[in-house]
Each structure stands twice: as structure tokens, then as C-alpha cells.
Amino acid sequence: MVERAFDGETAEPVIRLTGARKLYRSGTIEFEALRGVDLEITEGEYVAIMGPSGSGKSTLMNVLGCLDTLTSGSYRLAGHDVDDLDEVELAEIRNERIGFVFQQFNLLPSLEAWRNVELPLVYGRVPAAERRKRAERALDRVGLGDRYSNRPGELSGGQQQRVAVARALVGEPTLILADEPTGNLDSVSTEDVLGLFDELHELGRTIVLITHEQEVADRARRIVRVRDGLLLPGHAEMAEEVRA
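Structural notes, computed from the coordinates. What you see as residue numbers is a count from 1 along each chain, following the sequence as written. Only residues with pLDDT of at least 70 are given local features in this predicted model, and only at 80 or more are side-chain atom pairs given and counted; all residues enter the totals for whole chains, interfaces and linings. The side-chain values count all of the structure's non-hydrogen atoms but skip hydrogen atoms and water molecules.

Think of it this way: any DSSP run of H or I at least four residues long counts as a helix, any run of E at least two long counts as a strand, and we number them from the N terminus. The residue Val142 is located in the loop between helix 5 (128–141) and helix 6 (157–169) in this model. Type-normalised accessible area, obtained with a 1.4 Å probe on protein chains alone, sets the label of each residue: buried when under 20%, exposed when over 50%, and partly exposed for intermediate values. On the basis of relative accessible area, Val142 is assigned to the buried category, the value being 0%. Sequence-wise, Val142 and Leu169 are 27 residues apart; in three dimensions their C-alpha atoms are separated by 9.5 Å. Those residues in contact with Val142, other than ones at most four positions away along the chain, are Arg162, Val165, Ala166, Leu169 and Leu196. In this description, contact between two residues means that some pair of their heavy atoms is separated by no more than 4.5 Å.

With that out of the way, let us pick up the nonpolar core. What makes a nonpolar core is a set of buried Ala, Val, Leu, Ile, Met, Phe, Trp, Tyr and Cys residues whose side-chain atoms join them at distances within 4.5 Å. Core analysis: the biggest nonpolar cluster contains 37 residues, and Val117, Leu139, Val163, Val165, Phe197 and Leu200 have the highest contact counts within it. For this core, the secondary structure elements donating two or more residues are strand 3 (46–50), helix 3 (113–117), helix 5, helix 6, strand 7 (175–179), helix 7 (187–202), strand 8 (206–210) and helix 8 (214–217). Not counting residues up to four positions away in its chain, the partners in contact with Phe197 are Tyr46, Val165, Ala178, Pro181, Ile207 and Leu209. In this structure, Tyr75, Leu77, Ile98 and Val224 belong to the second largest nonpolar core, which totals 30 residues.

To continue, consider the pairing of strand 4 (residues 72–77). Relative to strand 4, strand 1 (residues 15–26) is paired through five bridges, and the arrangement is antiparallel. From the neighbouring strand, Ile15 faces strand 4, where its bridge partner is Leu77. Criterion used throughout: strands pair if DSSP finds at least two bridges between them. Two strands pair when backbone bridges link them, and strand 4 and strand 5 (residues 80–81) are joined in this way by two bridges, in the antiparallel orientation. Looking at strand 5, one finds that Arg76 is bridged to Asp81. Hairpin connection of strand 4 to strand 5: two residues between the antiparallel strands, including Ala78 at a positive phi of 55°.

In contact at an axis separation of 9 Å, helix 6 and helix 7 are set at 20° when each is read in the N-to-C sense. As judged from the angle between their axes, helix 6 and helix 7 are roughly parallel. Pair helix 6 / helix 7 crosses with right-handed handedness. Seen from helix 6, the contacting residues are Gly158, Gln161, Arg162, Val165 and Leu169; seen from helix 7, they are Ser189, Asp192, Val193, Leu196, Phe197 and Leu200. Axis geometry follows a simple rule: fit a line to the C-alpha atoms, using only the stretch in contact for helices, then measure angles between N-to-C directions, giving values from 0 to 180 degrees. If an angle is under 35 degrees, it is roughly parallel; if it is over 145, roughly antiparallel; if it lies from 65 to 115, roughly perpendicular; otherwise it is oblique. Should the near helix be turned anticlockwise from the far one by less than a right angle, the crossing is termed left-handed; should it be turned clockwise, right-handed.

Before going further, it helps to spend a moment on the pairing of strand 6 (residues 98–102). Counting buried residues in strand 6 gives four out of five residues, a clear majority hidden from the surface. As defined by bridge partners, strand 6 adjoins strand 7 across five bridges and the pair is classed as parallel. By the bridge assignment, Val101 is partnered in strand 7 with Ala178.

For the rest of this paragraph, the subject is the environment of Tyr123. On the secondary structure map, Tyr123 appears in helix 4 (residues 119–123). A relative accessible area of 61% places Tyr123 in the exposed class. Sequence spacing of Tyr123 and Glu96 is 27 residues, and the spatial spacing of their C-alpha atoms is 9.4 Å.

Moving on, we get to unusual backbone geometry. Although it is not a glycine, Ala78 adopts a positive phi angle of roughly 55°. Mapped onto the elements of the fold, Ala78 is located in the loop between strand 4 and strand 5. Given a relative accessible area of 4%, Ala78 falls into the buried group. With a phi close to 60°, Arg125 is a non-glycine residue in the positive phi region. Considering the arrangement of structural elements, one finds Arg125 in the loop between helix 4 and helix 5. Classification of Arg125 by relative accessible area gives exposed; the value is 78%.

Moving on: the pattern of salt bridges. Any carboxyl oxygen of Asp or Glu that lies within 4 Å of a side-chain nitrogen of Lys or Arg is treated as forming a salt bridge with it. The full count for this structure, using the stated rule, is 17 salt bridges. A salt bridge links Glu112 to Arg115; its shortest N-O distance comes to 3.9 Å. The class of Arg115 is partly exposed, set by a relative accessible area of 35%. For Glu130, the salt bridge identified is with Lys133, shortest N-O distance 3.8 Å. Of this pair, Glu130 and Lys133 both sit in helix 5, three residues apart, which is roughly one turn of that helix. By relative accessible area, Glu130 is classed as partly exposed at 30%. Because the salt bridges share partners, they merge into one network encompassing Glu112, Arg115, Glu118 and Arg131.

Have a look at this one:
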């Protein structure tokens with residue numbers, strides 16, 4: 001059973017954005033990256049966010065991942081007001097409640113696979129023996145049980161992304177955020193990683209994926225389209241309907 005965020009008692013959506021605005025200033029220049037976004041994502045959903053360069057999708061992902069804060073509006077993560085949290089509390093949420101998967105893998109080349117996977121637990125001060133056990137279990141879950149001791153340079157691109165997914169899972173997060181996770185992969189590795197996301201979704205994980213590729217987005221169960229800092233009409237379309 002997938003653990004709910006924080007205290008396990010809320011029935012609210014995992015994500016609830018209301019009137020979300022994000023304004024960037026540089027000298028006298030202002031740019032509004034998000035212009036009043038309303039979005040809800042429920043527990044266990046698999047959602048793809050699509051949009052052209054400069055549409056606001058990366059800003060939206062940064063807000064959802066507690067890597068950036070709103071200028072106005074509100075963000076509730078599993079029923080808790082993110083706006084009320086300080087930097088220390090935000091860091092704790094990022095480490096313990098959100099699993100990140102990036103296009104560049106972000107693995108440390110000098111560390112073995114299991115040591116890369118255990119890093120969120122190191123920051124969370126989990127005891128060493130427990131860290132290794134949980135890291136190896138996470139690698140087992142992504143099909144790399146025979147690669148514990150391999151360094152990133154000894155793994156294919158698809159295998160490296162699987163290590164990154166294992167790292168995202170090791171803390172049993174409420175939410176998995178994937179930013180262009182197949183952008184550096186060939187077609188075979190892309191299918192491999194998307195198959196893994198399919199499996200995680202079937203197990204009840206909440207997944208939000210940013211992509212510019214329609215074929216990747218179609219693997220999700222809902223597609224959210226962003227342009228000029230706004231969600232486009234019909235942003236709640238189901239991926240199955242798009243394919244049809």
C-alpha cells in the first residue's frame with residue numbers, strides 16, 4: 001500500500017494549486033511565468049505536462065517540487081499549505097516526500113549504484129545499514145538487482161535512468177516528479193523507462209511527468225497542456241482520448 005504524505009490522514013488531492021502565479025523580476029523587467037493556474041492531481045494519478053519552450057511548464061514543475069515558491073495563489077501538497085513552510089521544512093519535503101527524476105540522471109560518477117540510490121537517506125540521517133538495505137531493495141524494484149556495485153559509467157543510459165528512478169523511490173515518496181526523463185535515451189531505453197513508470201502507476205504511485213514528446217505523454221492517463229503561463233482549455237483530457 002502506498003503511504004499518503006505527511007500523516008496519512010488527509011483525503012485531499014496530493015496536489016492542489018489555486019490561482020497560482022509566479023512573477024520573475026530582473027531590474028525593471030518583469031516576466032509572469034504562471035498566470036493564475038488552477039490544478040488538482042489526486043493520489044495515484046499519472047499526469048503528463050506538455051507545452052512549448054517558455055510556456056511555464058518548467059516553472060510549474062519547480063513549484064510542484066517545492067524548488068520554487070509562488071508569488072501569489074496557493075499550493076497545497078497532500079492537504080498542507082506549502083506557502084507556510086520555511087526553507088528547512090521545504091528541504092525536508094523535497095527529500096522525504098518527493099522523488100525527482102531528471103533528464104540528466106544526476107548520478108555521481110564515482111559512486112556505485114547503491115550509493116547513488118542511498119543519497120536521500122543520507123541526508124535524512126537514516127542509519128548506514130538500513131540505507132544499504134533500502135537502496136538495494138529499490139534497485140531490485142527497478143530490475144537492477146545484479147548492478148548494485150556498478151558505477152554510472154559501467155551502465156547504459158537506460159540503466160542509469162533506472163538507478164535515478166530507484167533513488168527517487170528509496171524514500172517511499174508520495175509524489176514522483178519526472179522532468180523529461182527520456183530526453184537523453186534511445187528508443188529502446190525510452191520504452192524501458194516508460195514501462196517502469198507504467199508499473200509504478202499500477203502500484204498506485206502518483207506520477208507527474210514533463211515532456212515535449214506526444215508519444216511519451218500518451219503513456220500517462222491525463223495530459224495537462226500549458227501555454228503562456230496558463231492551462232489550455234481541455235487540459236484535463238485523458239491520454240486514451242488523445243490516442244483515439
